[in-house]
Amino acid sequence: MTHLPAGVLSGTDYHYLIKRAKEEGYALPAVNVTGTNSVNAVLETAAKNNADVIIQLSAGGAQFYGGKGHPDSFNTRVLGAISAAQHVHLLAEHYGVCVVLHTDHANKDLIPWVEALIDYSEDLFRDQGIPFFTSHMLDLSEEPIDFNLEESARLLKRLSAIDMSLEIELGITGGEEDGVGSEDNLNNPSLYTQSEDCLRAYEALSPLGHFSLAASFGNVHGVYKPGNVQLRPEILKAAQELVQQRCKTDPKPLDLVFHGGSGSSKEHIKEAISHGVFKMNIDTDLQFAFARAIADTLEQNPKAFKYQVDPETGTPYKKIYDPRSFLRDGEKGIVERLTESFNVLGSAGKSLAF
Ligand SMILES: [Zn+2]
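Structure report, in brief. (Residues numbered from 1 in each chain as written. Predicted model: local features only at pLDDT ≥ 70, side-chain atom pairs only at ≥ 80, totals over all residues. Heavy atoms only, no water.)

1. Considerations on the overall build of the protein
Basically, it comes down to this: Only DSSP runs of H or I with at least four residues qualify as helices, and only runs of E with at least two residues qualify as strands; both kinds are numbered from the N terminus onward. The buried label goes to any residue with under 20% of its type's maximum accessible area, the exposed label to any with over 50%, and the partly exposed label to all in between, with areas taken from a 1.4 Å probe on protein chains only. Only heavy atoms matter for contacts: two residues are in contact if any of them lie within 4.5 Å across the pair. All accessible-area figures derive from a Shrake-Rupley calculation using a 1.4 Å probe, and residue coverage is judged against the displayed protein chains alone. When charges are counted, neither His nor the chain ends are considered; positive counts come from Lys and Arg and negative counts from Asp and Glu. Every charge is mapped onto a representative atom, which is NZ of Lys, CZ of Arg, CG of Asp or CD of Glu.
The secondary structure content of the protein amounts to 12 helices and 11 strands. In terms of principal-axis extent, the alpha carbons of the protein reach across some 75 × 50 × 45 Å. The burial tally for the protein puts 54% of its 354 residues in the buried class. Here the analysis covers contacts within the protein between residues at least 6 apart in sequence; of these, 73% occur between residues at least 24 apart. Put simply, the protein shows about 15,700 Å² of open surface, and 51% of that area lies on carbon and sulfur atoms. Within the protein, the 48 negative side-chain charges are centred at a point lying 4 Å from the centre of the 31 positive side-chain charges.

Structure (structure tokens):
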């Protein structure tokens, strides 16, 4: 096998994609999406760069996708995520790239959300042999590690039965991502995951199915004043070596995920990838790129966002306030910034889709 079918991946196809990325030393950007604008911009960028990509939704993103105004926030979060998954399943193949479809941070309170999504995937798997998502994330890093690993094991058994994977988190990513975590933790020693905890996770989870691991090496969600946290990618190397040695595995047995990478230097990113990071989450920088591009249009055409027809010249402004115009500018902002990420992560030109 050297290539994969274009579209949403699951099971062994997903494992193969990870293996190739780690062997060839590149990582895929994992982009948080909130609607068709961001989804389509991500697919467009992946296709233009001949790259595979990871599309993910936070619980908040899924709720927005389902409609912020609906009073039943729980079911809107569930249906929004399924709606986004259906959209991506329909269009990924059309764009000709491989897509990993994933949900982001789910803390203890959000376990019922993840389980409701697994219910949907179990039904789809029964009917069509595929799940809605490639993997889900369970972030119980703020809970005791015993609870983290027990719950992760419980869900991984369900996921593995339907060709799905689980992403877990050990140690904490600093800052706050869409309501999960907080900005008060920037001096916490848990910002650096212990190798022994990675070993425990590997021993507990790898017999049950495929999992990926967000291990903290000083990463922080969002963009803060530079210098308040120190990235130490060598922590990832130590974890890989400990697991390899104790469990007698091939090199780099852990499939690692880089959270909170906004504003990281290229050197740190490349070093993290060399230690087995295959997925780098990108949210904040793309939010800014989208907003910045729309703000440019607003600043250049202030009257078009105040009047339908210019009060002095009589010029109609419909072409400028048509949402397809300024939202497209936002999409172009995403395309430009995400193209940079594909290049920094080394995944441009590496699509495995045939
Ligand atoms: Zn994160």
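Back to the text.
2. As for the nonpolar core
What counts is decided by this rule: The set of buried Ala, Val, Leu, Ile, Met, Phe, Trp, Tyr and Cys residues whose side-chain atoms join them within 4.5 Å is what this entry labels a nonpolar core.
Ile55, Trp113, Phe133, Ile168, Leu213 and Leu254 are the most contacted members of the largest nonpolar core, which totals 82 residues. Non-local contacts of leucine 213, meaning those with residues more than four positions away in its chain, are made with Ile168, Leu170, Cys198, Leu254, Asp255, Leu256 and Val257. Formed by 20 residues, the second largest nonpolar core is a distinct cluster that contains Leu9, Val100, Ala214 and Val257.

3. Notes on the packing of helix 2 (residues 36-48) against helix 12 (residues 323-345)
The cut-off we apply is this: To define axes, lines are fitted to C-alpha atoms, for helices over the stretch in contact only, and angles between the resulting N-to-C directions are given on a 0 to 180 degree scale. These descriptions rest on fixed angle ranges, namely under 35 degrees for roughly parallel, over 145 for roughly antiparallel, 65 to 115 for roughly perpendicular, and the rest for oblique. In this scheme, a crossing is called left-handed if the near helix is turned counterclockwise away from the far one by less than a right angle; it is called right-handed if the turn is clockwise. Note on residue categories: nonpolar means Ala, Val, Leu, Ile, Met, Phe, Trp, Tyr, Cys or Pro, charged means Asp, Glu, Lys or Arg, and polar means any other residue, Gly included.
Packing of helix 2 against helix 12 brings their axes to within 9 Å, and their N-to-C directions diverge by 45°. When the interaxial angle is binned, helix 2 and helix 12 end up oblique. Helix 2 and helix 12 meet at a crossing whose hand is right-handed. In contact with Asn37, Ser38, Ala41, Val42, Glu44, Thr45 and Ala46 of helix 2, helix 12 contributes Leu327, Arg328, Glu331, Ile334, Val335, Leu338, Thr339 and Phe342. Of the residues in the contact of helix 2 with helix 12, the class split is 8 nonpolar, 4 polar and 3 charged.

4. Observations regarding the pattern of salt bridges
Put simply, the test is: Think of a salt bridge as a Lys or Arg side-chain nitrogen and an Asp or Glu carboxyl oxygen that are within 4 Å of each other.
By the definition in use, this model includes 24 salt bridges. One salt bridge in this structure joins arginine 158 and glutamate 122, with 3.0 Å as the shortest N-O distance. Of the two residues, arginine 158 is situated in helix 6 (residues 145-160) and glutamate 122 in helix 5 (residues 111-128); the sequence distance between them amounts to 36 residues. For the salt bridge of aspartate 322 with arginine 324, the shortest nitrogen-to-oxygen distance reads 2.7 Å. Aspartate 322 gets classed as buried once you look at its relative accessible area, which sits at 16%. One connected set of salt bridges, linked through shared partners, spans Glu115, Asp119, Glu122, Glu151, Arg154 and Arg158.

5. A closer look at the environment of aspartate 322
Rule in force here: Definition of a polar contact: a pair of N or O atoms within 3.5 Å, with one able to donate and the other able to accept a hydrogen when the atoms are protein atoms, and with sequence-neighbouring residues admitted only if both atoms are side-chain atoms.
Looking at the secondary structure, you find aspartate 322 in the loop between helix 11 (318-321) and helix 12. Distance from aspartate 322 to threonine 45, taken between C-alpha atoms, is 23 Å for residues 277 residues apart in sequence. Among the polar contacts made by the side chain of aspartate 322, one reaches the side chain of arginine 324 at a distance of 2.7 Å.

6. Remarks on the packing of aromatic side chains
As a reminder of what qualifies: Here the aromatic set is Phe, Tyr and Trp, taking the six-membered ring for Trp, and pairing holds for ring centres within 6.5 Å; pairs whose planes are under 30 degrees apart are stacked, those over 60 apart are edge-to-face, and all others are tilted. For a ring to carry a charge above it, either NZ of a lysine or CZ of an arginine must fall within 6 Å of the ring centroid while also lying within 35 degrees of the normal to the ring plane.
For the coordinates displayed, the defined rule picks out 5 aromatic pairs. Directly above the ring of phenylalanine 147 sits lysine 108, whose terminal nitrogen or CZ lies 5.1 Å from the centroid. One cation-aromatic arrangement involves arginine 232 over tyrosine 192; the distance from NZ or CZ to the ring centre is 4.7 Å.

7. Overview of the packing of helix 6 against helix 7 (residues 195-205)
It is the contact of helix 6 with helix 7, at a shortest axis distance of 10 Å, that shows an interaxial angle of 30°. Considered as vectors, helix 6 and helix 7 are oriented roughly parallel to each other. The two elements helix 6 and helix 7 meet at a crossing, and its hand is right-handed. Between helix 6 and helix 7, the contacting residues are Ile145, Asp146, Leu149, Ser152, Ala153 and Leu156 on the first element and Asp197, Arg200, Ala201 and Leu205 on the second. In terms of residue class, the contact of helix 6 with helix 7 is built from 6 nonpolar, 1 polar and 3 charged.

8. Points about the pairing of strand 2 (residues 28-32)
The criterion, for reference: For two strands to be treated as a pair, DSSP must find no fewer than two bridges joining them. Handedness of a crossover is defined as follows: orient the strands so they point away from the viewer, and if the path from the first strand over the helix to the second runs clockwise, the crossover is right-handed.
Strand 2 sits mainly inside the fold: 5 of its 5 residues count as buried. Burial along strand 2 is two-sided: the face carrying Leu28, Ala30 and Asn32 and the face carrying Pro29 and Val31 are both buried. Where strand 2 meets strand 11 (residues 277-282), 4 bridges bridge the pair, whose relative direction is parallel. Bridging from a neighbouring strand, proline 29 pairs with methionine 280 of strand 11. Relative to strand 3 (residues 53-57), strand 2 runs parallel, the two being bridged by 3 bridges. By the bridge assignment, valine 31 is partnered in strand 3 with isoleucine 55. Since strand 2 and strand 3 lie parallel, the crossover through helix 2 that links them has a hand, and here it is right-handed.

9. Considerations on helix 3 (residues 59-66)
For helix 3, every residue scored as buried is listed here: Ala59, Gly61, Ala62, Gln63 and Tyr65. Looking at the buried side of helix 3, the elements it contacts are helix 2, strand 3, helix 4 (73-95) and helix 5. Among the residues trailing helix 3, glycine 67 stands out with phi positive, at a value near 115°.

10. Focus: helix 2
Residues lying three or four places apart along an α-helix face the same way, a consequence of the helix completing one turn every 3.6 residues. Keep this limit in mind: Take the residue count of a helix, subtract one, and multiply by 1.5 Å to get its expected span.
For helix 2, with 13 residues, the first-to-last C-alpha span of 18 Å sits near the 18 Å given by 1.5 Å per residue. Buried residues of helix 2: Ser38, Val39, Ala41, Val42, Leu43, Glu44, Thr45 and Ala46, and no others. Here the buried face of helix 2 lies against strand 2, strand 3, helix 3, helix 4, strand 4 (98-103) and helix 12. Of the residues flanking the end of helix 2, it is asparagine 50, one or two places downstream, whose phi is positive at about 50°.

So, to be careful, I would describe these as geometric facts and stop short of saying anything about function.
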